[in-house]
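Now for the letters of each chain:
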Amino acid sequence: MNPTALVGKKSVRKAFKNFTEYWLTDASFGLLLLILVFSVFILPILIEYGRVHFIFVNTVFLFLFFTGIWSSRNKGMILLTSLLFFTQLGLRLLRFSDLEFEFYLSERIVGILNMLVFIFLNIRLLFRDREVNIYRVIGAINVYLLVAILGAFVFEIVHLITGQGIEGLPVLKGVDEDYAEYIYFSLVSLTTVGFGDLYPNHVLTKMLSVFLSTVGILYPAVVIARLVGASKN
C-alpha cells in the first residue's frame, strides 16, 4: 500500500477514535451545553426571523442524536441509538426529497424516542463514577435543557394528533417552523414562570405542562442532593 495512503488511513482512524472517545469524557458536557443553548435560546429566534434554512434546523437535532450513539460502551445501547438515529435520518431524508409522500408524525415520534434515550444516556454519564466536578454541573444543566426540548416535541405531537394543545398560539405553519412556539411554552412550563400569554387547552397538554412544572421544581433539588452526596463519598 502507498505509504501516504497508509498514513492518511491511520489519521482517519485516529480522528474517528478520538471523536468517539470524546463523547464519553466529561469535557463533552461543555460542547453539548453550547449546542443546547443554541438550540433552545438562539435557534427559535433565527427561525422566527427566517434566518436559517430548515435543513440546518434538522441537522442540529440529528447531530445531537448522532452523538448519542457514542455516549455509551454498552453494545445494546449502541445498537438502539444507531437504529433510532438512522430511522430518524431516513424519515427526514424522505421529507426533504422530491418524493410525494412523507411520514411527519412517525418522524416526530421517533424523535421523541431518540430524545428519551439521549436524556437517559446523559443522566448515566452525569452520575457515573460518583465524581463531582464543573463538567458534571454542566451535565446537569444539559439534562434540564434536553427535557425542555423533549417537552416541545411532545406538545407538537399532541397538536398533530388532536388538533389542539396550546391556546394563544399564532397560526401554526406546520412542520419545523412551529418549534419556536413549542420550545417557548415548554420552557415556560418547566421553569414554572407561567406568563399567561399561552395556556394548555387539552387534557394531554395540561398534564404535560403540570409534569414539566413538577420536574422543573424537583429536578434541581434532586440533582444537587445527588451531586453533594457523591462529593462526600
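This text follows the structure it describes.
Residues numbered from 1 in each chain as written. Predicted model: local features only at pLDDT ≥ 70, side-chain atom pairs only at ≥ 80, totals over all residues. Heavy atoms only, no water.

Draft legend 1. Just the side chain of His202, in detail. Within the secondary structure, His202 sits in the loop between strand E2 (199-200) and helix H8 (203-232). Setting aside anything within four residues of it in sequence, one finds His202 in contact with Val158, Thr162, Gln164 and Gly165. (Helix = DSSP H or I, 4+ residues; strand = E, 2+ residues; numbered from the N terminus. Contact = heavy atoms within 4.5 Å.)

Draft legend 2. Representation of helix H3 (residues 54-69). Spanning 16 residues, H3 covers 23 Å between terminal C-alpha atoms, matching the ideal 22 Å at 1.5 Å per step. Those residues of H3 not exposed but buried are Val57, Asn58, Val60, Phe61, Leu62, Leu64, Phe65, Thr67, Gly68 and Ile69. On its buried face, H3 sits against helix H2 (28-48), helix H4 (75-96), helix H5 (104-126), helix H6 (134-162) and helix H7 (179-190). (Expected span 1.5 Å × (residues − 1). Buried < 20%, exposed > 50% of the residue type's maximum accessible area, 1.4 Å probe, protein only.)

Draft legend 3. Region of the structure containing the layout of surface pockets. Computed from the structure, the largest pocket encloses a volume of approximately 220 Å³. Forming the walls of the largest pocket are 17 residues, and the residues nearest its centre are Ile119, Val147, Leu150, Phe211 and Val215. Elements supplying a minimum of two residues to the lining of the largest pocket: H5, H6 and H8. Counting residues per element, the lining of the largest pocket draws most heavily on H8, at six residues. Counted by class, the lining of the largest pocket contains 16 nonpolar, one polar and no charged residues. (1 Å grid on protein atoms, 1.4 Å probe; cavity = no way out; pocket = protein on both sides within 12 Å on 5 of 7 lines; lining within 4 Å. Points joined across faces, edges and corners; volume = space filled by probe spheres on them. Nonpolar A, V, L, I, M, F, W, Y, C, P; charged D, E, K, R; others polar.)

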